[in-house]
Amino acid sequence: MSEELENSVREKLKAETWTRAGIEGFTADNLNELSADIERTHQEGAEDVIMAICDEQLQKTKDSVSALYIKGMLNLLEQGSVSKELVSIIDIFENNHRKTIAEEICNKILDKYDDNLFALRKKAKYYEGEEDKKAQYWELCKKIVQLDFGEADLAKKLAK
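Q: I'd love a proper account of the overall build of the protein chain, names of residues and values included.
A: Helix and strand content of the protein chain: 9 helices and 0 strands. Listed by position from the N terminus, the elements making up the protein chain come as α-α-α-α-α-α-α-α-α. Classification of the 160 residues of the protein chain by burial places 42% in the buried group. For the protein chain, contacts bridging at least 24 residues in sequence account for 57% of all contacts bridging at least 6.

Q: Explain the packing of aromatic side chains to me, and be specific about the residues and the numbers.
A: What characterises a pair of aromatic rings is the spacing of the ring centres plus the angle enclosed by the ring planes. In this structure the tally under the stated criterion is 2 aromatic pairs. When the centroid spacing of 5.0 Å and the interplanar angle of 70° are considered together, the rings of Tyr-137 and Trp-138 count as edge-to-face. Residue class for Tyr-137 comes out buried when judged on its relative accessible area of 7%. Residue Trp-138 is classed as partly exposed on the basis of its relative accessible area of 30%.

Q: Can you tell me about helix α6 (residues 99-112), naming the residues and giving the values?
A: With 14 residues, α6 extends 20 Å between its outermost C-alpha atoms, agreeing within 8% with the 20 Å of an ideal straight helix rising 1.5 Å per residue. Along α6, the residues classified as buried are Ile-101, Ala-102, Glu-103, Ile-105, Cys-106, Lys-108, Ile-109 and Leu-110. Where α6 is buried, its residues contact α2 (28-44), α4 (65-79), α5 (84-95) and α7 (117-127).

Q: Can you lay out unusual backbone geometry for me, pointing to particular residues and giving the numbers?
A: Even without a glycine there, the phi angle at His-97 is positive, about 55°. Within the secondary structure layout, His-97 lies in the loop between α5 and α6.

Q: Any details on the nonpolar core? Residues and values, ideally.
A: Ile-50, Tyr-69, Ile-89, Phe-93 and Ile-105 are the most contacted members of the largest nonpolar core, which totals 43 residues. Mapped onto this core, the elements with two or more residues apiece are α1 (3-19), α2, α3 (47-60), α4, α5, α6, α7 and α8 (134-147). The greatest single-element share of this core, amounting to 9 residues, is contributed by α4. Discounting residues that sit within four places of it in the chain, Ile-105 has contacts with Leu-31, Tyr-69, Leu-86, Ile-89, Ile-90 and Phe-93.

Q: Summarise the pattern of salt bridges; cite the residues concerned and give the values.
A: Under the criterion given, the structure shown has 15 salt bridges. Lys-122 is paired through a salt bridge with Glu-94; the nearest N and O atoms lie 3.2 Å apart. Of this pair, Lys-122 sits in helix α7 while Glu-94 sits in helix α5, and the two are 28 residues apart along the sequence. Exposure class is identical for Lys-122 and Glu-94. Each is buried. With a shortest N-O distance of 3.6 Å, Lys-125 and Glu-94 are connected by a salt bridge. Taken together, the residues span a long stretch of sequence, with Lys-125 in helix α7 and Glu-94 in helix α5 at a distance of 31 residues. Judged by its relative accessible area of 46%, Lys-125 is partly exposed. A cluster of three or more residues bridged by salt bridges with shared partners is formed by Asp-91, Glu-94, Lys-122 and Lys-125.

Rules and cut-offs
- Residues numbered from 1 in each chain as written.
- Predicted model: local features only at pLDDT ≥ 70, side-chain atom pairs only at ≥ 80, totals over all residues.
- Heavy atoms only, no water.
- Helix = DSSP H or I, 4+ residues; strand = E, 2+ residues; numbered from the N terminus.
- Buried < 20%, exposed > 50% of the residue type's maximum accessible area, 1.4 Å probe, protein only.
- Contact = heavy atoms within 4.5 Å.
- Phe/Tyr/Trp six-rings, centres within 6.5 Å; stacked < 30°, edge-to-face > 60°.
- Expected span 1.5 Å × (residues − 1).
- Core = buried A, V, L, I, M, F, W, Y, C linked by side-chain atoms within 4.5 Å.
- Salt bridge = Lys/Arg side-chain N within 4 Å of Asp/Glu carboxyl O.

Below, the structure is given as structure tokens:
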């Protein structure tokens, strides 16, 4: 594993702590930078080291958006399912009225696993009631029903 990658992740987490640039200052560009680090981590097989760095950060700052995102996405790549870290970070952004960032995280999840029900349901929730996203909403609903036959209410809504 490259020491450069480890230092890069540590510096990003440290910068977030010192500048208190958490939720308010977090942008899609930050998300893309972290996603690049995650890809590199995965390519280099450095998941354990980077996860340990994130765990260390989360012990100090439990709401570190960078650490939650990195750890959550690494868990997703490793296990194929959404972890508590991704649920937490999406909840944090939703609670702070940063729906566009939460939606972007869902998009990142769906880039890896296009049949992830958690991300599909969240995106459908964001699009519900938005006139300009109506077609996308119904496409998401259709996909959810195809993946989860237990969604009887949604299937009925689609049929109407």
